[in-house]
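Now for the letters of each chain:
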Amino acid sequence: MIRAAGLLLTLLFPAMLWARDIEATLQWSRLVDLSTPVSGMVSEVLADAGAYVRRGQVLMRLDDRGFKAEVNRARAELERLRVKRDEAERELKRAREMHERDLFADHELELARIGFVTTDSEYQAAEAALTRAELDLEYSVIRAPFDCILLKRMVEVGQTIISTTKPVPLFTVAEAGYMVARIRITHEQLSRLSLNQRVSVKVAGKRYEGMIVRLGMEPAGVRAGRQLYEVDIRFGFDPAITMRAGQPAAVALP
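For every chain, the first residue of the written sequence is number 1, and numbering continues from 1 along that sequence. The predicted origin of the model limits local features to residues at a pLDDT of at least 70 and limits the giving and counting of side-chain atom pairs to 80 or more, whereas totals for whole chains, interfaces and linings rest on all residues. Excluded from the side-chain calculations are hydrogens and water; all other atoms, namely the structure's heavy atoms, are used.

Got a minute to help me understand unusual backbone geometry in this structure?
Excluding glycine, residues mostly carry a negative phi; peptide bonds, for their part, are mostly trans. Here aspartate 102, not a glycine, exhibits a phi torsion of approximately 60°, which is positive. Segments assigned H or I by DSSP are reported as helices when at least four residues long, segments assigned E as strands when at least two residues long, and all are numbered from the N terminus. Following the sequence through the fold, aspartate 102 ends up in the loop between helix H2 (65-100) and helix H3 (106-139). Here aspartate 102 falls in the exposed class, since its relative accessible area comes to 70%. Phi at alanine 224 takes a positive value of approximately 55°, unusual for a residue other than glycine. The topology assignment puts alanine 224 in the loop between strand S13 (221-223) and strand S14 (226-236). Categorising residues by exposure relies on relative accessible area from a 1.4 Å probe, with only protein chains included: less than 20% of the type maximum marks a residue as buried, more than 50% marks it as exposed, and the intermediate range marks it as partly exposed.

This is how it looks when you write it as structure tokens:
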């Protein structure tokens, strides 16, 4: 009888371990360094580290006077070339009519066609220049890409940003309202899981429904001589609740 009970406990022991909460560590769900591809002097910084910011909220502005001047110049050049192109188009139309009436030689028609193609190309290049100038003006303002927590601010008013070679990180933000609970488990435990599987995450005594978003493909550690693999579980929570990377958590796997 005792031997049978011992055998039963042996068989149930792995399942009992599997049903327990597994220690986890919180990580940021989405971490992004914000920068700008344009250069200029910082005129405003509107958010500090630790702030909760909404998607689209302005974090920083460069002095935009030069960018606006370039937009105005590009618009004026586009209008000048529009008039020139329209005139070349009318001239080509007239040349075709005259050619059909045998009043223009082939060479004259070809010259009119070349004139239109040239001015049309100049017009399209001016359109591209205006688009580039408008984008530079847009990039002179850094906005929050999503609802986020501002983790680091590496910029001050009056600072000159040089982005000609490599954009300089100006802010580091993390997605608000979502975290990742990272666990390390054995290959045998890992084989029972699948992506998008629902699991429970417990943080500070409160449970949240999460989803497996990453199954480790390479060993990330060793415990008791056994290889361990990382698994990430993403879960949502009220952004009013403060959670931090490195904070302890627990995951209940099926």
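Would you explain the packing of H2 against H3 in this entry?
The description of two helices packed together rests on the angle between their axes and the distance between the axes. Comment: axis = line fitted to C-alpha atoms, over the contacting stretch for helices; angle = value between 0 and 180 degrees taken between N-to-C directions. The contact between H2 and H3 brings their axes to 8 Å, and the two run at 160°. When the interaxial angle is binned, H2 and H3 end up roughly antiparallel. Here H2 runs over H3; the crossing is left-handed. Any residue that is not Ala, Val, Leu, Ile, Met, Phe, Trp, Tyr, Cys, Pro, Asp, Glu, Lys or Arg is counted as polar, Gly included; the first ten are nonpolar and the last four charged. Here the contact of H2 with H3 is composed, by residue class, of 17 nonpolar, three polar and 17 charged. If an angle is under 35 degrees, it is roughly parallel; if it is over 145, roughly antiparallel; if it lies from 65 to 115, roughly perpendicular; otherwise it is oblique. Helix crossings are classified by the rotation of the near helix relative to the far one: an anticlockwise turn of less than a right angle makes the crossing left-handed, while a clockwise turn makes it right-handed.

I tried to follow the sheet that holds strand S5 (residues 58-62) on my own but got confused; where do I start?
In this analysis, strands are considered paired if DSSP registers two or more bridges between them. Here we have four strands laid out as an open sheet, ordered S6-S5-S3-S8, and antiparallel in their pairing. Both outer strands of the open sheet, strand S6 (141-143) and strand S8 (160-161), are each paired with one neighbouring strand and no more. Of the strand pairs in this sheet, strand S3 (residues 40-45) and S5 are connected by three bridges, and their pairing is antiparallel. Paired with valine 45 across the strands is methionine 60, a residue of S5.

So what exactly am I meant to see when it comes to the sheet that holds strand S4 (residues 52-53) here?
Two modes of strand pairing occur in sheets, parallel and antiparallel, and in both the strands are linked by backbone hydrogen bonds. In space, the four strands of this open sheet follow the order S2-S9-S7-S4, with antiparallel pairing throughout. With one partner strand each, in any of the chains shown, strand S2 (31-34) and S4 form the two edges of the open sheet. Bridging between S2 and strand S9 (residues 171-175) involves four bridges; their strand directions are antiparallel. When the bridges of S9 are listed, leucine 31 appears paired with alanine 174.

Explanation requested: the pattern of salt bridges in the structure shown.
Pairs can form between side chains of opposite charge whenever their charged atoms are close. In the sections that follow, a salt bridge refers to a side-chain nitrogen of Lys or Arg positioned within 4 Å of a carboxyl oxygen of Asp or Glu. A complete count under the given rule lists 27 salt bridges for this structure. Its salt-bridge partner being arginine 82, residue glutamate 79 comes within 2.6 Å of it at the nearest N-O pair. Taken together, the residues glutamate 79 and arginine 82, both in helix H2 and three residues apart, mark about one turn of the helix.

Just checking my understanding: could you explain the packing of aromatic side chains for this structure?
What describes a pair of aromatic rings is the distance from one ring centre to the other and the angle between the planes of the rings. Any two of the Phe, Tyr and Trp rings considered here, Trp counted by its six-membered ring, make a pair once their centres fall within 6.5 Å; the pair's planes then place it as stacked at under 30 degrees, edge-to-face at over 60, or tilted in between. As enumerated under the stated definition, the model contains two aromatic pairs in all. Comment: the charge-over-ring label is applied if NZ (Lys) or CZ (Arg) is within 6 Å of the ring centre and within 35 degrees of the ring normal. Positioned above the aromatic ring of phenylalanine 146 is the side chain of arginine 30, whose terminal nitrogen or guanidinium carbon lies 3.9 Å from the ring centre. It is arginine 234 that lies over the ring of tyrosine 178; its NZ or CZ is 3.9 Å from the centre.

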